[in-house]
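# Coordinates in review
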Amino acid sequence: MSDFLQWPLIMKLTDNDFDLFGVPARFAQDRAQLDARWKALQSEVHPDRFASEGAAAQRVAMQWAIRVNEAYQRLKDPLRRGAYLCELQGAAIEAESNTAMPGAFLMQQMEWREALDEARTLEAVEALADDVSAAERRMQQQLGTLIDERQDWPAAAAQVRALMFVARFAADVDRRLDALGQ
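Not measured: the values here are computed from a predicted model.

## Details of the overall build of the protein chain
- From N to C terminus, the protein chain includes eight helices and zero strands.
- Computed over C-alpha atoms, the radius of gyration of the protein chain comes to 20 Å, more than 25% over the 16 Å expected from 2.2 N^0.38 for 182 residues, which places it beyond the range of a compact globule.
- For the protein chain, the spread of C-alpha atoms along the principal axes amounts to about 65 × 40 × 30 Å.
- A buried classification covers 35% of the 182 residues belonging to the protein chain.

Dropping the structure here:
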């Protein structure tokens, strides 16, 4: 029996990302461990490895490679990982339909938008980028607490939605930096 036929018996395409990667289902993750596991999984499932086993084996290997890559993309990104954990626990993010945010958060968003609109120098935009980055890190730490320590899934889902707003704004700041030559 080939290695290919034995390997899928160990894992299933339907395993959640954490099980697939053999890591605990929690927000805090070791990026180096995720990277190493991704490389190991890719070396096991790469379609070229099964070239001598025919087209069917290569198609299955391609499904596995896609599945591993999708899981890796979710697990390595804190925002996507947080959203995935919430979804696994039945706390839908509903970003398209639930945009309600606390007043203080919305005020901060408005202040940032105004600051970006008024920023005329590279230094001003860089300072705003630093502020947004620091806020994003704080919010990610709070998300980690909500998930890993409190298991407060509704609050975690709300935090994910807030982080989505911040990520979109950070992308706007990055575009402005690019336009200014950075």
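## What to know about the packing of helix α3 (residues 31-45) against helix α4 (residues 55-76)
- Between α3 and α4, whose axes approach to 9 Å, the crossing angle comes to 175°. Considering the angle they form, α3 stands roughly antiparallel to α4. Residue-level contacts link Arg31, Leu34, Asp35, Trp38, Leu41, Gln42 and Val45 of α3 to Ala61, Trp64, Ala65, Val68, Asn69, Tyr72, Leu75 and Lys76 of α4.

## Points about the packing of aromatic side chains
- Applying the stated rule across the entire model yields five aromatic pairs.
- Arranged with centres 4.7 Å apart and planes meeting at 15°, the rings of Trp38 and Tyr72 form a pair that is stacked. Residue Trp38 is found in helix α3, and its partner Tyr72 is found in helix α4; the two are separated by 34 residues along the sequence.
- Given a relative accessible area of 7%, Tyr72 falls into the buried group.

## Describing a negative patch on the surface
- On the surface, Glu111, Glu114, Asp117 and Glu118 cluster together to form a negatively charged patch.
- With respect to the helices, strands and loops of the structure, Asp117 is situated in helix α6 (residues 103-118).
- Taking relative accessible area as the criterion, Asp117 reaches 55% and is therefore assigned exposed.

## Comments concerning the side chain of Arg161
- Checked against the element boundaries, Arg161 lands in helix α8 (residues 153-179).
- Buried charge Arg161 goes without a salt bridge, the closest partner of opposite sign being Glu94 at 5.4 Å.
- Those residues within four positions of Arg161 in sequence are excluded, and the remaining contacts are Ala92, Ile93, Glu94, Ala95, Asn98 and Met101.

## Digging into the nonpolar core
- Membership of the largest hydrophobic core comes to 47 residues, with the highest contact counts inside it found for Leu20, Phe21, Cys86 and Val173.
- When residues of this core are traced back to their parent elements, those giving at least two are α2 (17-21), α3, α4, α5 (78-88), α6, α7 (122-149) and α8.
- When residues in this core are grouped by element, the largest group, 11 residues, is from α8.
- Shared between two domains, this core holds at least three residues of each, these being domain 1 (3-76) and domain 2 (103-181).
- Contacts of Phe21, omitting those with residues within four sequence positions, involve Leu34, Arg37, Trp38, Leu41, Val68, Ala71, Tyr72 and Leu75.

## A closer look at α5
- Among the residues of α5, those classed as buried are Leu79, Arg81, Gly82, Ala83, Tyr84, Leu85 and Cys86.
- Where the residues of α5 are buried, they touch α2, α3, α4, α7 and α8.
- If you check the start of α5, you find a side-chain oxygen 3.1 Å away from the backbone N of Leu79, and it comes from Asp77.
- Looking one or two residues beyond α5, the residue adopting positive phi is Gly90, at roughly 85°.

## Remarks on the confidence of the model for the protein chain
- Across the protein chain, the average pLDDT comes to 92, with 94% of residues at 70 or higher.
- For the stretch residues 1-6, pLDDT sits under 50, and the model shows eight contacts to residues farther than four places along the chain or on other chains.

## Some remarks on the pattern of salt bridges
- Counting across every chain of the model gives six salt bridges.
- Here Arg74 ties to Asp17 by a salt bridge, and the two come within 2.5 Å at their closest N and O atoms. Here Asp17 lies in helix α2 and Arg74 lies in helix α4, a separation of 57 residues in the sequence.
- Ionic pairing is found between Asp172 and Arg175, a salt bridge with its closest N-O pair at 2.2 Å. Here the residue Asp172 and the residue Arg175 both occupy positions in helix α8, the gap between them amounting to three residues, near one helical turn.
- With a relative accessible area of 22%, Asp172 lands in the partly exposed category.
- Sharing partners across several salt bridges, the network here consists of Asp17, Arg67 and Arg74.

Each value, and the rule that gives it
- Along every chain, residues carry numbers that run from 1 in the direction the sequence is written.
- Selection of residues for local features in this predicted model requires a pLDDT of at least 70, selection of side-chain atom pairs for listing and counting requires 80 or more, and totals for whole chains, interfaces and linings are taken over all residues.
- Neither water nor hydrogens contribute to the side-chain values; these are computed over all heavy atoms in the structure.
- Put simply, DSSP marks the helices as runs of H or I at least four residues long and the strands as runs of E at least two long, and each gets a number from the N terminus on.
- Taken over C-alpha atoms, the radius of gyration is set against a globule rule of 2.2 Å times the number of residues to the power 0.38.
- For every residue, the accessible area obtained with a 1.4 Å probe (protein chains only) is divided by the maximum for its type, and the residue is called buried under 20%, exposed over 50%, and partly exposed between those limits.
- Axis geometry follows a simple rule: fit a line to the C-alpha atoms, using only the stretch in contact for helices, then measure angles between N-to-C directions, giving values from 0 to 180 degrees.
- Any angle that falls under 35 degrees is termed roughly parallel, while one over 145 is termed roughly antiparallel, one within 65 to 115 roughly perpendicular, and all others oblique.
- Residue contacts are defined here by distance: any two heavy atoms, one from each residue, within 4.5 Å place the two residues in contact.
- Ring pairs shown here join Phe, Tyr and Trp side chains whose ring centres sit within 6.5 Å, with only the six-membered ring taken for Trp; geometry is labelled stacked below 30 degrees between planes, edge-to-face above 60, and tilted in between.
- Patch membership is restricted to residues that have no salt bridge and whose relative accessible area is over 30%. Joining uses 9 Å for like charges and 5 Å for the nonpolar side chains Val, Leu, Ile, Met, Phe, Trp and Tyr.
- Only the protein chains shown count as cover for residues, and the accessible areas themselves come from Shrake-Rupley with a 1.4 Å probe.
- A pair is scored as a salt bridge if a Lys or Arg side-chain nitrogen falls within 4 Å of a carboxyl oxygen belonging to Asp or Glu.
- In this count, Lys and Arg are taken as positive residues and Asp and Glu as negative ones, while His and the chain termini are left out.
- Throughout, a charge is located at the NZ atom of Lys, the CZ atom of Arg, the CG atom of Asp or the CD atom of Glu.
- Within this scheme, the nonpolar core is defined by two criteria: the residues are buried Ala, Val, Leu, Ile, Met, Phe, Trp, Tyr or Cys, and they are joined through side-chain atoms within 4.5 Å.
- All domain edges in this entry derive from an automatic or database-based domain assignment.
- What qualifies as a polar contact is a pair of N or O atoms within 3.5 Å, subject to a donor-acceptor requirement within protein and to the restriction that residues adjacent in sequence count only when both atoms come from side chains.
- pLDDT expresses how confident the predictor is about each individual residue, on a scale running from 0 to 100.

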